[in-house]
Amino acid sequence: MRVRSAAAFAPTGRDGRVRCFLAGRMAQSSGEDAVVLQAMLRQLFQSVKEKITGAPSLECAEEILVHLEETDENFHNYEFVKYLRQHICNTLGSMIEEEMEKWTSDQNQAEESGYDTVVQHVTKRTQESKEYKEMMHSLKNIMMVVVESMINKFEEDEIRNQERQKKIQKEKSNNSYCTDNCSDSDSSFNQSYKFCQGKLQLILDQLDPGQPKEVRYEALQTLCSAPPSDVLNCENWTTLCEKLTMSLSDPDPVFSDRILKFYAQTFTLSPLHMTKEIYTSLAKYLKLYFLSRENHIPTLSTGIDISNPNVICLLKKVRLLNEYQKEAPSFWIRHPEKYMEEIVENTLSLLSVKHDQSHLVSQKNLDPIYFFALVDTKAVWFKKWMHAYYSRTAVLRLLEKKYKSLITTAVQQCFQYFDLCEAMKVNEILSHSKHCGNKQKTFFYSGQELQYIYFIHSLCLLGRLLIYTQGRRLFPIKLKSRKDLVSLTDLLVLFTQLIYYSPSCPKMTSAAHLDNYSPASMVTEVLQILCDQKECAVECLYNNTVIEALLQPIHNLMKETKAAPNCSEAALIHIADILARIASVEEGLTLLLYGENMNSSEEKSPTGAHIIAQFSKKLLDEDISIFSGSEMLPVVKGAFISVCRQIYGTCEGLQVLIPYSLHESIAKAWKKTSLLSERIPTPVKGSDSVSSISQESQNIMAWEENLLDDLLNFAATPKGLLFLQRTGAINECVTFMFNRYAKKLQIIRHKKFGYGVLVTQVASTAAGAIALQSSGFINALITELWANLECGRDDVRVTHPRSTPVDPIDRSCQKSFLGLVNLLPYPAVYELVGNQDLPNKAEYSLREVPTCVLDILDRLIILNSEAKIRSLFNYEQSHIFGLRLLSVLCCDLDTLLLLEAQYQVSEMLLNAQEENILETSESHRHFIIDGLSVERNHVLVRINFIGGPMERILPPRVLEKGDDPYPWPMFSSYPLPTCYLSEVTRNADLKQATDANVKNESLSSVQQLGIKMTVRYGKFLNLLKDSAENDLTLVLKHCERFLKQQQAPIKSSLLCLQGSYAGHDWFVSSLFMIMLGDKEKTLRFLQQFSRLLISAFLWLPRLHISRYLPTDTIESGIHPVYFCSTHYIEMLLKVEVPLVFSAFHMSGFAPSQICLLWITQCFWNYLDWIEICHYIATCVFLGPDYQVYICIAIFKHLQQDILQHTQTQDLQVFLKEEALHGFRVSDYFEYMEILEQNYRPVVLRDMRNVRVQNT
């Protein structure tokens, strides 16, 4: 169907144009400027004539004009004022902007640069400029010409007016009008002082139908030239309004046009209470016009020929009314509500007019709504009226009480169009389309076209109505053609069916009409708006009936029924878009996954998610023959995979879609497409196939990128990341993500947050860290950090250096700092710096920019040479940044042991503290207290003392007020001061272990340092003796030998898979302390414990490259704790503590990363020892799923702190650095029992299946 612009309804001549609102367009030449300025000045004087005429003297009148901006609220709406503003902007705009930028840059170092100061400075400089003086001179010259011309015109009008008055005096007595020398010419400037009551009475008499045509024309001309405010304020206005309304029916189109011109001017220049009268009279006239049987109103059977003069005249009146409808909401809130309500009621009353229903539908006269649909097909007027609460309330109240028939007929029209679509055959639709296309040039609308246009208008009106709660309360609705009431669900099902039952638009129709007015596009647009309104979507869309209607064509296609061919590829794309929007919202996703009765066993039919996944898999595997060979097939595939992406991008959605192995199908399609893109020949210049090959190449590349995007989004969850690594495409996916990140493109449609969480998940695995490095992501992050930390912005001149940062980490570096924290959990650190030496160069160039994590360690953290210090522009700020990063990294004890084993970070920090000592005498040594020494002291205590929140005391990083700003003792050698250990549990005989001798070469240096740390912690807790170090070494040796017997041989480039477990065995160390250092008890327990399922999740080295795991799981390097335990932690967190889950996503951080850290090191440094014992005992005695429930309980305990640190944008740092203060496992047993009742069947089943090839 075709819908033409409303501009096509009126002729293009000057007298035929309907102008509701006047706008001056400035001409280029000075002559044209003068003409336009005259009109603008007339408007200005006409509006202020009452103020000027009331002035007692010329000086007072000038004073009024000078202060007009202060006294006239419409000052900035005058065209003359707009012209001056634009002229100043064009002439002086660039100079003003340059002055402001210069002033701002000059004031960067100053404390005072307020708004008033800037304005005063720029104003002064502007007024002193050459451009300002030239502009004033130019304005003065042109205004002199304008004023002189207006004076001459005034004198000519006076002479002409006197001649006309002599003629009028011969026909009428002198008492019927004033004898003033007022002009009735086009000069409204003259009129503003002269128009009076007598003149209006004269016009009334002259408008009488009995008067000659010339007299009536002249009267209308005078009326149009007069100020509308004067006309409307006259006592005879009501009589004049009635006479004008009667004159609208005059058969002479010129006469009718002049009345409409007066109406248009009134709408433009008068306040609402005046224009309301005009609007009401026009609406009432149209209502009477349509109800009168004397007027020749077209019928549906005859259609509308808009070249017909009568139709043109009618459409002009309708369009004028509609233009006012669309503009009125912008100003009616400033006036009493009764004015707005009167306009609304007259409009609804007009649109509700219905002709005699006894006739056949095709033979009845067209109702007003058809003509309004012609000039405003998408019901823009209704959209604007419903936008503001002020008018929406009145509209909905009147619709409910008096004009519900308007909604009823709109619903009826939608059903009638649907019935037509069902009844028409394909060939009839095509012939009808050709028929419409041939008639397009004749400006004729057939009955079917009118019905379609009315259908579009009704659809848009209903779509806007359903957005609002009060609008939805108008349903259900009773239709005469249907027995049952039409509910909201019935209407939404109808909309859905219209997408795939409606015929396609004719090929010859322009692309604009295809996009804007095709049935499927219009319905989809309405449904998209409903989806975006959560409350509306829940009430209207989120139910099984609507979802089944959306999925019906998919059912038909999979069954390849006869109804299937009726659903086009375009319709499927529209359906997929709606489903994707539904799946992007939590309530909609739940409906697709489980249906409405998610807790009922009666749900036998597959839910929407299953059907969508099955259909998508068939499309990917090209298992549906209907669309084979179609050019649109890749687009259809992409649209439905996008729906799946919304589902498998969540933990609960991925669980449902696991049986369909979508990652394998997508990876297979991607590999196939990648091969095709390589085979495309290079275009040869001058060849005819250049364009076709180029287009084909673009399509293939777009499809390849789409598939990579689909694969990448598996990384949104821990288990999804495992699936992604199994496809072998993780490097390509991460590279694709980095390319989009570099271009600042959105990573996932319908998602508010994306990059941060994806990067955090990917970085939590060894293979993901390597992919991030090879893609250039880490390089780009470090380069950006260095630019902010050392180099500053490129656009700031060197003559204005940056101010000294107040915070330890400047705000410009905060984003980079958090990015590095997200990127560097232990698996990533081990892959990126494991077994690598620091560069430790003799000299560093100032232009040498770090590019990798090892460079950051070398240049910002381990500053063990003068060359490194001299290479930094901002040594103190940069080194504090490095120390803060080291503090966060070392919260992961495996990372601490690795850095200590490879780079001896403790020794480096102690040496730096030694260099910070001021020797006042041989026996007195004082530490210099500065930012670096305080930060180093904090880090040294953090990395040398192990303990929970009640077992160790970390020194603050800020100074205190008073005489002693830093009472905490600093140190530069072992042993460490005992004041950092809790008084309650400290061992009085504690000795610091300093022996670095390696006793057993079969253990890695990381394990050996871990043994020393364990023994140190155990002795502090009075659990271990001095001989415990040897016993623990033997225990770990036995464990390593035992575990090697169960390890599978594997070849991998990943460092973590080359040999034994990369970190320290924190579980065995904890168990050794629980057994009070008894080697035999520990080994006996481990031998029996290794047979239990819980050992796979508490004892992480237990399943390191274990032959009990599937081969592809081993090769991924991902531990079951990550892809199983933390996966369910995220899944349960979203349901149980949704605010915390949202906080993680807003922070760009994943719960899985911090949980993996807690579990890997058995909560060391996060819980007190007794709570660590409770954690281990709870998991051993109650089941491995309690590992998940304890983490959920911790997040519930930390909810307020997490929300607070989300606002301060340091959630990652808080969770890694801070112990879990106040958390006790026993306090949450009742809560965890509830979690067990709700989730154990699912969680425990998946934990038991870690040995199974789970695709």
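Residues numbered from 1 in each chain as written. Predicted model: local features only at pLDDT ≥ 70, side-chain atom pairs only at ≥ 80, totals over all residues. Heavy atoms only, no water.

Now for the overall build of the protein chain. What the protein chain contains, in helices and strands, is 62 helices and four strands. Here the protein chain holds 1255 residues, and the buried ones make up 55% of them. Residue pairs in contact within the protein chain that sit at least 24 positions apart in sequence constitute 75% of those at least 6 positions apart. Only carbon and sulfur atoms are counted for the fraction: they give 51% of the accessible area of the protein chain, which is about 58,200 Å². (Helix = DSSP H or I, 4+ residues; strand = E, 2+ residues; numbered from the N terminus. Buried < 20%, exposed > 50% of the residue type's maximum accessible area, 1.4 Å probe, protein only. Contact = heavy atoms within 4.5 Å. Areas by Shrake-Rupley, 256 points an atom, 1.4 Å probe, with all protein chains shown as cover.)

A rise of 1.5 Å per residue sets the reference length of helix H13 (residues 253–269), with its 17 residues, at 24 Å; its end C-alpha atoms lie 24 Å apart and thus fit the reference within 8%. Considered for burial, the residues of H13 that qualify are Phe-255, Ser-256, Asp-257, Ile-259, Leu-260, Phe-262, Tyr-263, Ala-264, Gln-265, Thr-266 and Phe-267. Near the N-terminus of H13, the side chain that reaches the backbone nitrogen of Val-254, with its oxygen 3.1 Å away, is that of Asp-252. (Expected span 1.5 Å × (residues − 1). Polar contact = N/O pair within 3.5 Å; in protein donor to acceptor, adjacent residues only side chain to side chain.)

Moving on to unusual backbone geometry. The step from Phe-475 to Pro-476 runs through a cis peptide bond, and the omega angle for that step is 5°. Residue placement: Pro-476 occurs in the loop between helix H23 (469–472) and helix H24 (488–501). The linkage connecting Tyr-974 with the following residue, Pro-975, adopts the cis geometry, with an omega of -5°. Here Pro-975 lies in the loop between helix H48 (931–944) and helix H49 (1005–1020). Unlike most non-glycine residues, Ser-661 shows phi in positive territory, near 45°. Relative to the helices and strands, Ser-661 resides in the loop between helix H33 (651–657) and helix H34 (662–679). Exposure remark for Ser-661: the relative accessible area of 10% places this residue in the buried category. One non-glycine residue, Leu-1076, adopts positive backbone phi at about 60°. Note that Leu-1076 resides in the loop between helix H51 (1066–1074) and helix H52 (1079–1089).

Turning to helix H47 (residues 905–914), a few remarks are in order. Counted residue by residue, H47 has seven buried out of ten residues, so it is predominantly covered. Restricting attention to buried positions, one finds in H47 the residues Val-905, Ser-906, Met-908, Leu-909, Leu-910, Ala-912 and Gln-913.

Formed by 362 residues in total, the largest nonpolar core has its most connected members in Leu-399, Phe-475 and Phe-495. At twelve residues, the largest contribution of residues to this core is made by helix H22 (residues 447–466). Contact partners of Phe-475, with chain neighbours within four places excluded, come to Ile-407, Val-411, Leu-462, Leu-465, Leu-466, Val-486, Ser-487, Leu-488 and Leu-491. (Core = buried A, V, L, I, M, F, W, Y, C linked by side-chain atoms within 4.5 Å.)

Turning next to empty space enclosed by the protein. Rolled over the atoms, a probe with the dimensions of a water molecule shows which regions are left empty. What the rule picks out here adds up to eleven cavities of 30 Å³ or more. Estimates place the volume of the largest cavity at around 560 Å³. For the largest cavity, the lining is made up of 35 residues, of which Pro-827, Tyr-1061, Gly-1117, His-1119 and Leu-1156 are closest to its centre. Among the secondary structure elements, those contributing two or more residues to the lining of the largest cavity are helix H42 (826–833), helix H45 (875–889), helix H54 (1111–1116), helix H55 (1120–1136) and helix H57 (1151–1160). Of the residues assigned to the lining of the largest cavity, the class counts are 22 nonpolar, nine polar and four charged. (1 Å grid on protein atoms, 1.4 Å probe; cavity = no way out; pocket = protein on both sides within 12 Å on 5 of 7 lines; lining within 4 Å. Points joined across faces, edges and corners; volume = space filled by probe spheres on them. Nonpolar A, V, L, I, M, F, W, Y, C, P; charged D, E, K, R; others polar.)

Aromatic rings in a pair are described by how distant their centres are and how their planes are angled relative to each other. Evaluated as defined, the whole model comprises 39 aromatic pairs. The interplanar angle of 55° and the centroid separation of 4.8 Å between the aromatic rings of Tyr-370 and Tyr-454 together place this pair among those described as tilted. Within this pair, whereas Tyr-370 is found in helix H17 (residues 368–375), its partner Tyr-454 is found in helix H22, the two being separated by 84 residues in sequence. A residue is classified by how much of its surface remains accessible, and Tyr-454, at 4% relative accessible area, is buried. Among the aromatic residues, those joined into a ring-pair cluster are Phe-1144, Phe-1149, Trp-1158, Phe-1163, Tyr-1166, Tyr-1175 and Phe-1195. Sitting above the plane of the Phe-255 ring, Arg-216 keeps its charged end 4.2 Å from the centroid. (Phe/Tyr/Trp six-rings, centres within 6.5 Å; stacked < 30°, edge-to-face > 60°. Lys NZ or Arg CZ within 6 Å of the ring centre and 35° of its normal.)

This part takes up the packing of H17 against H22. Helix packing geometry: the angle between the two helix axes and the distance between the axes. Interaxial distance between H17 and H22 falls to 9 Å at its minimum, and their mutual angle equals 80°. Between H17 and H22, the angle falls in the class roughly perpendicular. Across from Ile-369, Tyr-370, Phe-372, Ala-373 and Leu-374 in H17, the residues of H22 making contact are Leu-450, Gln-451, Ile-453, Tyr-454 and His-457. A breakdown of the residues in the contact of H17 with H22 according to their chemical character gives eight nonpolar, two polar and no charged. (Axes fitted to C-alpha atoms, helices over the stretch in contact; angles between N-to-C directions. Parallel < 35°, antiparallel > 145°, perpendicular 65-115°, else oblique.)

If you trace the backbone, Lys-1216 turns up in helix H61 (residues 1211–1217). Buried Lys-1216, no salt bridge; nearest opposite-charge side chain is Asp-892, N-O distance 6.7 Å. Polar side-chain contacts of Lys-1216 include one of 3.3 Å to the backbone oxygen of Val-821. (Lys, Arg positive; Asp, Glu negative; His and termini not counted. Salt bridge = Lys/Arg side-chain N within 4 Å of Asp/Glu carboxyl O.)

Take the pattern of salt bridges next. Tallied over the full model, the rule gives 36 salt bridges. We note a salt bridge from Glu-539 to Arg-472, for which the minimum N-O separation is 2.8 Å. Remark: Arg-472 occurs in helix H23 and Glu-539 occurs in helix H27 (residues 534–540); sequence separation between them is 67 residues. Look at Glu-539 and you get partly exposed, because its relative accessible area is 40%. Look at Arg-472 and you get buried, because its relative accessible area is 2%. Salt bridges here are not isolated pairs; linked through shared partners, they connect Arg-884, Glu-935, Arg-957 and Glu-1217.

What follows covers the side chain of Thr-650. Checked against the element boundaries, Thr-650 lands in the loop between helix H32 (633–648) and H33. When its relative accessible area of 8% is taken as the criterion, Thr-650 is described as buried. Thr-650 has contacts with Leu-589, Thr-717 and Lys-1134, leaving out every residue within four places of it along the chain.

With that settled, the discussion passes to the state of the cysteines. If you walk through the whole model with that rule in mind, you get zero disulfides. We note that Cys-460 lacks a disulfide partner, and the nearest cysteine sulfur, in Cys-414, lies 9.5 Å from it. Since its relative accessible area comes to 14%, Cys-460 is described here as buried. Free cysteine: Cys-1155, not disulfide-bonded; nearest cysteine sulfur from Cys-1191 at 4.3 Å. For Cys-1155, a relative accessible area of 0% corresponds to the buried category. (Disulfide = S-S within 2.5 Å.)

Our focus in this paragraph is a negative patch on the surface. On the surface, Glu-97, Glu-98, Glu-101 and Glu-131 cluster together into a patch of negative charge. Sort the elements by how many residues they give to the negative patch and helix H5 (residues 79–106) lands first, with three residues. Relative to the assigned elements, Glu-97 resides in helix H5. (Patch = residues over 30% accessible without salt bridge, like charges linked within 9 Å, V, L, I, M, F, W, Y side chains within 5 Å. Charge placed at Lys NZ, Arg CZ, Asp CG, Glu CD.)

Further remarks concern the packing of H55 against helix H56 (residues 1138–1147). Direction vectors running N to C along H55 and H56 enclose 120°, while the axes themselves pass 5 Å from each other. With respect to H56, the axis of H55 lies oblique. Across the interface between the two elements, Glu-1130, Leu-1133, Lys-1134, Val-1135 and Glu-1136 from H55 touch Pro-1138, Val-1140, Phe-1141 and Phe-1144 from H56. By residue class, the composition of the contact of H55 with H56 is six nonpolar, no polar and three charged.

Turning our attention to the confidence of the model for the protein chain. Confidence in the prediction for the protein chain averages 82 pLDDT; 82% of positions are at 70 or higher. Mean pLDDT in the protein chain bottoms out at helix H8 (residues 188–194), which sits at 39, and peaks at helix H59 (residues 1186–1197), which reaches 97. Under a pLDDT of 50 for its full length, residues 1–30 has, in the predicted model, 68 contacts with residues more than four places off or in other chains. Across residues 984–1001, confidence stays below pLDDT 50; counting only partners more than four residues off in sequence or on other chains, it has 28 contacts. (pLDDT = per-residue confidence, 0-100.)

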